[in-house]
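Coordinate inspection notes
Here's the letter readout for the chains.
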Amino acid sequence: MKTLLFGKNGQLGWEFQRILPILGEVISLDREELDICDLRAIQKKINELKPDLIINASAYTDVDLSEKENELAMKINALAPGIMAEMSRKLEAVFVHYSTDYVFDGRKGSTYKESDPTHPLNMYGKSKLAGEENIKQACEAYLILRTSWVYSLRGNSFVNKVLKWSRQNKNLKVVNDQISSPTWARTLAEVTGFVLAQHKKDLYEAICERGGIYHLTGGGFTSRYEWAKQILANDPARSEQIVQAIEPASSEEFPTPAVRPLFSALDCTLFEERFGLRLPDWRDTLQLAMTE
Ligand SMILES: NC(=O)c1ccc[n+]([C@@H]2O[C@H](COP(=O)([O-])OP(=O)(O)OC[C@H]3O[C@@H](n4cnc5c(N)ncnc54)[C@H](OP(=O)(O)O)[C@@H]3O)[C@@H](O)[C@H]2O)c1
């Protein structure tokens, strides 16, 4: 089986590079090799390589900057995935794509199911939702996996930000009114890889039949404040911290260009039941991620 991976250097893409070889041949691309704003280049590359499986780990993920760079976010998060999906259909390849809890407005008051109505509050959420729509219209064998609060120990994740703040400040304030599920990029890649490996023999038919939109995050949910406290507690170099107190704050105290949903945790039961998997609790995964 031949897999084409877009976004190989992102948090998720990096983890995919580690595990995808279990499925067979892998061609991984970064922005320098192919800028996905160039829609014709996407078509050309997919036609040239003729993969059996396309995984899109690339995205425009700067939620605040999306408010200003709306057109660019739309191109990367909606038009490019639409072209990838269209090419998947032409080649009878399976398409795997990631979306976000920010397609919801956070006003439901409990965890969101796949069947709940969407209503994004910011441009990032709107561009990701438009991506979902384009994929649904373009191909049959797809998995759109909505996830949330993705982190890794590489790059500019919330985990690394909290560790950095703890070495620069004696007092930290972190919002406690934004609730969702921290998701380790490695878990996301591994669980996806596991599902694909399970159906490797007849992947196209299996995903035509069992594909669609699923919620896939770390188990349980929490506030950014509780998450930050757990990050500090799991810090393997705790002696480097100068922080003495961490206090809860409200989102109103930290105005940002993009409005974020307050309670956007996703219910992953459908994914767990359909694919016979249990998603590990976010606390256990965080501990593993920080001590590996
Ligand atoms: N991060 C989160 O908290 C979060 C939450 C919910 C959903 N998600 C979704 O989960 C998926 C994975 O997110 P992530 O956190 O792994 O993202 P990430 O770390 O920001 O990685 C995104 C990747 O996309 C690449 N990319 C951006 N624009 C490109 C372009 N024009 N051409 C080619 N490549 C381009 C980036 O390349 P450069 O490195 O060159 O910029 C980067 O490698 C995405 O679909 C995202 O929307 C993420």
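Here goes a summary of the coordinates provided.

Cut-offs applied
- Residues numbered from 1 in each chain as written.
- Predicted model: local features only at pLDDT ≥ 70, side-chain atom pairs only at ≥ 80, totals over all residues.
- Heavy atoms only, no water.
- Helix = DSSP H or I, 4+ residues; strand = E, 2+ residues; numbered from the N terminus.
- Rg over C-alpha atoms; globule rule 2.2 N^0.38 Å.
- Buried < 20%, exposed > 50% of the residue type's maximum accessible area, 1.4 Å probe, protein only.
- Areas by Shrake-Rupley, 256 points an atom, 1.4 Å probe, with all protein chains shown as cover.
- Lys, Arg positive; Asp, Glu negative; His and termini not counted.
- Charge placed at Lys NZ, Arg CZ, Asp CG, Glu CD.
- Near = heavy atom within 4 Å.
- Polar contact = N/O pair within 3.5 Å; in protein donor to acceptor, adjacent residues only side chain to side chain.
- Axes fitted to C-alpha atoms, helices over the stretch in contact; angles between N-to-C directions.
- Parallel < 35°, antiparallel > 145°, perpendicular 65-115°, else oblique.
- Left-handed = near helix turned anticlockwise from the far one by under 90°.
- Contact = heavy atoms within 4.5 Å.
- Nonpolar A, V, L, I, M, F, W, Y, C, P; charged D, E, K, R; others polar.
- Pairing = 2+ DSSP bridges.
- Right-handed = clockwise from strand over helix to strand, strands pointing away.
- Core = buried A, V, L, I, M, F, W, Y, C linked by side-chain atoms within 4.5 Å.

With that settled, the discussion passes to the overall build of the protein chain. Along the protein chain, the regular secondary structure elements total 10 helices and 12 strands. Relative to a compact globule of 292 residues, whose C-alpha radius of gyration would be 19 Å, the protein chain shows 19 Å and is just as compact. Its C-alpha atoms give the protein chain principal-axis dimensions of about 55 × 40 × 35 Å. Burial statistics for the protein chain: of 292 residues in total, 54% are counted as buried. Taken as a whole, the protein chain presents about 13400 Å² of accessible surface, with 48% of it coming from carbon and sulfur. Put simply, the protein chain has 36 plus and 40 minus side-chain charges, and the middle of one group is 2 Å from the middle of the other.

Around the ligand, the structure places 23 residues, and the nearest of them are Arg-31, Asp-35, Thr-61, Tyr-124 and Lys-128. With respect to the ligand, the side chain of Asp-35 contributes an N or O atom lying 2.8 Å from a nitrogen atom. Coverage of the ligand by the protein amounts to 81% of the 920 Å² it exposes when considered alone. Among the elements of the structure, α1 (11-19), β4 (94-100) and α4 (123-138) are those that each provide at least two residues to the shell around the ligand.

Now for the environment of Lys-164. Examined against the element boundaries, Lys-164 turns out to sit in helix α5 (residues 158-168). For Lys-164, a relative accessible area of 52% puts it in the exposed group. In this structure the C-alpha to C-alpha distance between Lys-164 and Glu-240, which are 76 residues apart in sequence, comes to 9.9 Å.

Another aspect to go through is the packing of helix α2 (residues 39-49) against helix α3 (residues 70-91). It is the contact of α2 with α3, at a shortest axis distance of 10 Å, that shows an interaxial angle of 25°. Taken together, the axes of α2 and α3 lie roughly parallel to each other. Crossing handedness for the pair α2 and α3: right-handed. Residue-level inspection shows Leu-39, Ile-42, Gln-43, Ile-46 and Asn-47 of α2 in contact with α3, the latter providing Leu-79, Ala-80, Ile-83, Met-84, Glu-86, Met-87 and Leu-91. Looking at side-chain class alone, the contact of α2 with α3 contains nine nonpolar, two polar and one charged residues.

In this section: the sheet that holds strand β3 (residues 53-56). Taken in spatial order, the six strands make up an open sheet running β2-β1-β3-β4-β5-β10, and their pairing is parallel. A single partner strand is all that each edge strand has here, and the edge strands are β2 (25-29) and β10 (212-215). Neighbour to neighbour, the strand axes of the sheet diverge by 20° on average, direction disregarded. The pairing of strand β5 (residues 142-147) with β10 spans four bridges and is classified as parallel. If you follow Arg-146 over to β10, its bridge partner there is His-215. Lying on the sheet, α4 is in contact with β4, β5 and β10; it crosses β4 at an angle near 155°. Set on the sheet, helix α6 (residues 185-198) makes contact with β3, β4 and β5; between it and β4 the angle comes to about 150°.

Turning to the side chain of Thr-183, a few remarks are in order. Positionally, Thr-183 belongs in strand β9 (residues 183-184). In this structure Thr-183 comes out as buried when scored by relative accessible area, which is 2%. A distance of 3.1 Å separates a polar side-chain atom of Thr-183 from the backbone oxygen of Ser-181. When neighbours within four sequence positions are excluded, Thr-183 is seen to be in contact with Thr-147, Ser-148, Trp-149, Val-150, Tyr-151, Leu-188, Thr-217 and Gly-218.

Most of β4 sits inside the fold, with seven of its seven residues counted as buried. Note: β3 against β4, four bridges, orientation parallel. Counterpart to Leu-53 in the pairing with β4 is Val-94. In the classification by handedness, the crossover that spans β3, the intervening α3 and the parallel β4 is right-handed. Two strands pair when backbone bridges link them, and β4 and β5 are joined in this way by six bridges, in the parallel orientation. Bridging across to β5, His-97 finds its partner in Ile-144.

Before going further, it helps to spend a moment on the nonpolar core. Ranked by size, the top nonpolar core spans 30 residues in total, and within it Phe-16, Ile-55, Val-96 and Phe-271 carry the most contacts. Elements represented by at least two residues in this core include exactly α1, β3, β4, β5, α6, α7 (203-210) and α9 (269-275). For this core, the element with the most residues is α6, which contributes five residues. Setting aside residues no more than four positions away along its own chain, Phe-16 makes contact with Leu-5, Pro-21, Ile-55, Ala-57, Tyr-98, Ala-189 and Thr-192. One finds Ile-42, Ala-85, Ala-138 and Ile-144 within the second-largest nonpolar core, a separate group that totals 26 residues.

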